[in-house]
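# Summary of structural features
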Amino acid sequence: MKVTIGLLGCGTVGAGVVELTRRRAGRIADMTGVRPVIKHILVRDEQKPRGVVLEGERLTTRPEDVLDDPEVRVVIETIGGIEPARTFILRALRAGKHVVTANKDLIALHGEEIFDAAEAAQAEVFFEAAVGGAIPLIRPLKGCLTSNEITDLKGIINGTTNYILSKMTETGAGFDEVLREAQELGYAESDPTSDVDGLDAARKLTILASIAFHTRVRLDEVRVHGIRSITAADVAYANDLGCVIKLLAVGRERDGALQLEVRPTLVPKAHPLASVSDAFNALFVRGDAAGDLMFFGRGAGSMPTASAVVGDLIEVMQHLRMGITETRGSNRLPKKQVHANQGPAGRYYIRLTALDRPGVFAKIAGVFGQAGVSMESVLQKRVKGEDAQIVIVTHAVSQGELAAAIQGLKDLGSVPSIDNVLPVEELEGEGPVLEDVMDDVVRTHPELS
Ligand SMILES: NC(=O)c1ccc[n+]([C@@H]2O[C@H](COP(=O)([O-])OP(=O)(O)OC[C@H]3O[C@@H](n4cnc5c(N)ncnc54)[C@H](OP(=O)(O)O)[C@@H]3O)[C@@H](O)[C@H]2O)c1
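As recorded in an unreviewed UniProt entry, the protein goes by Homoserine dehydrogenase and comes from Alicyclobacillus cycloheptanicus. A UniProt comment under Sequence similarities (unreviewed entry) is attached to the protein, and it reads "Belongs to the homoserine dehydrogenase family."

Further remarks concern the overall build of the protein. Check the secondary structure of the protein and you find 15 helices and 17 strands. Here the C-alpha radius of gyration of the protein, 25 Å, is about what a compact globule of 449 residues would show, namely 22 Å. Overall, the C-alpha framework of the protein stretches about 80 × 60 × 35 Å when taken along its three principal axes. Counting all 449 residues of the protein, 51% fall into the buried class. Restricting to contacts in the protein with at least 6 residues of sequence separation, those with at least 24 account for 73%. Entry remark: accessible area of the protein is about 20,000 Å², with carbon and sulfur atoms responsible for 50%. Counting 50 positive and 61 negative side-chain charges, the protein places the averaged centre of each group 4 Å from the other.

With that out of the way, let us pick up the site of the ligand. Around the ligand sit 22 residues, and of these Cys10, Val13, Lys48, Arg50 and Gly301 come closest. Within the side chain of lysine 104, an N or O atom sits 3.1 Å from an oxygen atom of the ligand. Protein burial of the ligand: of its 900 Å² of free accessible surface, 78% is covered by the chains. Partitioned by chemical class, the residues of the shell around the ligand number nine nonpolar, eight polar and five charged.

Here we come to the packing of aromatic side chains. Between two aromatic rings, the relevant description is the distance of the centres plus the angle of the planes. Under the criterion given, the structure shown has three aromatic pairs. Taking 5.6 Å as the distance between ring centres and 45° as the angle between the ring planes, the aromatic pair formed by phenylalanine 115 and phenylalanine 127 counts as tilted. Linking phenylalanine 115 in helix H5 (residues 104-121) with phenylalanine 127 in the loop between strand E6 (125-126) and helix H6 (138-142), this pair joins segments that are 12 residues apart in sequence. Under the relative-accessibility criterion, phenylalanine 127 is labelled buried at 5%.

Take the pattern of salt bridges next. Taken as a whole and assessed by the stated rule, the structure comprises 32 salt bridges. For glutamate 57, the salt bridge is made with arginine 22, and the minimal N-O distance between the two is 3.1 Å. One end of the pair, glutamate 57, is in the loop between strand E2 (35-42) and strand E3 (58-60); the other, arginine 22, is in helix H1 (residues 12-23), with 35 residues separating them in the sequence. In this structure, glutamate 425 engages lysine 154 in a salt bridge whose closest nitrogen and oxygen atoms are separated by 2.6 Å. Within this pair, whereas glutamate 425 is found in the loop between strand E17 (417-424) and helix H15 (432-444), its partner lysine 154 is found in strand E7 (residues 150-156), the two being separated by 271 residues in sequence. The residues glutamate 425 and lysine 154 share a single accessibility class, namely buried. Among the charged side chains, a salt-bridge network with shared partners connects Lys2, Lys39, Asp69 and Glu71.

Next up on the list: the domain arrangement of the protein. Segmenting the protein into domains produces domain 1 (2-134 + 303-332), domain 2 (143-298) and domain 3 (347-424). Computed from C-alpha atoms alone, the centre-to-centre distance between domain 2 and domain 3 is 26 Å. With 15 residues of domain 2 in contact, the opposing surface of domain 3 contributes 15 residues. Together, the buried faces of domain 2 and domain 3 total about 1,400 Å²; carbon and sulfur atoms form 57% of this surface. It is Tyr237, Leu241 and Leu266 that lose the most area in domain 2 upon contact with domain 3, and together they represent 44% of the buried surface on that side. In this structure, the connection of domain 2 to domain 3 is made through one salt bridge. Here arginine 351 and aspartate 234 are joined by a salt bridge, their closest N and O atoms 2.6 Å apart. At the surface where domain 2 touches domain 3, the tally comes to eight residue pairs in polar contact (both at pLDDT 80 or more). Within the residue set of the side of domain 2 that touches domain 3, elements represented by two or more residues are helix H11 (232-240) and strand E10 (257-268). A per-element tally of the side of domain 2 that touches domain 3 places H11 first, with five residues.

The next thing to look at is the sheet that holds strand E1 (residues 2-8). Ordered by their spatial adjacency, six strands build an open sheet running E3-E2-E1-E4-E5-E6, and the pairing between neighbours is parallel. The outermost strands of the open sheet, each flanked by one partner alone, are E3 and E6. Judged from the two bridges that link them, strand E5 (residues 98-101) and E6 form a sheet pairing that is parallel. Bridge pairing links valine 99 to valine 125 in E6. Packed on one face of the sheet, H1 meets E1, E2 and strand E4 (72-77) and runs near 155° to E2.

An α-helical turn contains 3.6 residues, so any two residues separated by three or four positions project in the same direction. What helix H8 (residues 175-184) keeps buried is the set Phe175, Val178, Leu179 and Ala182. Take H8 and look down its axis: the buried residues cluster within an arc of 100°, on one side only. Summarising the geometry of H8, the exposed residues directed more than 90 degrees from the buried face are Asp176 and Glu184. Here the buried face of H8 lies against helix H7 (159-171) and helix H9 (193-196). Backbone geometry just after H8 places glycine 186 at a positive phi near 85°.

Procedures and definitions
- Residues numbered from 1 in each chain as written.
- Predicted model: local features only at pLDDT ≥ 70, side-chain atom pairs only at ≥ 80, totals over all residues.
- Heavy atoms only, no water.
- UniProt positions renumbered as here; feature names shortened; annotations may be inferred.
- Helix = DSSP H or I, 4+ residues; strand = E, 2+ residues; numbered from the N terminus.
- Rg over C-alpha atoms; globule rule 2.2 N^0.38 Å.
- Buried < 20%, exposed > 50% of the residue type's maximum accessible area, 1.4 Å probe, protein only.
- Contact = heavy atoms within 4.5 Å.
- Areas by Shrake-Rupley, 256 points an atom, 1.4 Å probe, with all protein chains shown as cover.
- Lys, Arg positive; Asp, Glu negative; His and termini not counted.
- Charge placed at Lys NZ, Arg CZ, Asp CG, Glu CD.
- Near = heavy atom within 4 Å.
- Polar contact = N/O pair within 3.5 Å; in protein donor to acceptor, adjacent residues only side chain to side chain.
- Nonpolar A, V, L, I, M, F, W, Y, C, P; charged D, E, K, R; others polar.
- Phe/Tyr/Trp six-rings, centres within 6.5 Å; stacked < 30°, edge-to-face > 60°.
- Salt bridge = Lys/Arg side-chain N within 4 Å of Asp/Glu carboxyl O.
- Domains from an automatic or database assignment.
- Buried area = accessible area lost by both parts, 1.4 Å probe.
- Pairing = 2+ DSSP bridges.
- Axes fitted to C-alpha atoms, helices over the stretch in contact; angles between N-to-C directions.
- Arc of directions from axis to C-beta.

Right, dumping it as structure tokens:
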């Protein structure tokens, strides 16, 4: 038995899907009893060279060749963006075809509409490749880890910004220079907004958080800060403090409410996320039963992404063989509260420019004291003109205390600019884990207490 597939798009990911589906067709047939056959491939320009030699597959520029062919049971969407991908996917679902997509923008922004359409048509939608490229994230969160209450997600889920920050760290070059190079090498888009302003990571966090926290997260509920404000000076100071700067996507559930944020963060070099460089992605997950887990791998590229798409295709084929359809409309998920401006207490890096005059530092220290913010370390290295550049790392402070300290600095008159404020990540497992171990020791060996 064969299952006929329609492929929408044959660019970086689509070409990988053609290649890998062909390479694994025999194994898929052995596993599922059905052989996948890609019949039509929709593109914009039939004359364009493809990254794969086409055999029986027919290129077309007419969407109806794929979407209206009753023989096509599965549609794989690798066009990207919102339109026309959204219209094509909805049309495929309404015709009862199953859909596999790599499109994070569409799932993040129109997921509800798509899942509801799938449920109404009793068709399935799979989207493993939408987050983390080759790294299995969606299926573990939806499947293997469902018995857990997930409390924390933390990860590097945008390859372009990770590449830029890694290169800034390696070379000491500034953001603009490294971005230009990344664009020349094809690691960054000619319009880099979505990546460097953190929107791509926010869309992916929306998808991951919805699944991990069993709710529906909207994109506008994620607080987003990109990496444009990161300078070579920040990277150098971070290094002096034993850290690297990473764009982290963070989701937490505390007392039934969520905190969701994408933000450049100082990560200690000994932290597992610090060594995730270039185009690699990683996601740290904490579940109440599983404990701490870390997923790591290639977040993009033709074959890594095809690996996830074809994995989804195999699951569709298994379901077809077994005659089952798993659908879940969006309405059955409870909406959880999101606290946009609250986060747990944490340490912060503050880089500011102050007048280089006697008594100014004492005034700054006074402002911190009044706001209840204690300083963990202070660096004062580079001086520009009459001004001194000061970097302060605080002890753990609440967002309210931090805001009061920043306002106090602005009101001082001797601090012309506050140049950057970034959270500092704790080393996972530090402190509380040791305390837990000590508690256990004391419980089981009271003579030691
Ligand atoms: N690239 C990655 O590493 C990666 C990783 C994870 C997820 N993704 C996701 O995978 C999807 C595809 O990305 P990609 O990098 O493969 O994109 P791409 O290289 O730009 O390929 C897009 C393909 O879609 C076709 N297409 C675009 N607009 C079309 C239209 N209006 N009608 C018909 N065909 C159209 C293009 O046709 P022509 O070739 O004729 O122009 C091209 O073949 C996106 O959702 C992306 O976010 C990509």
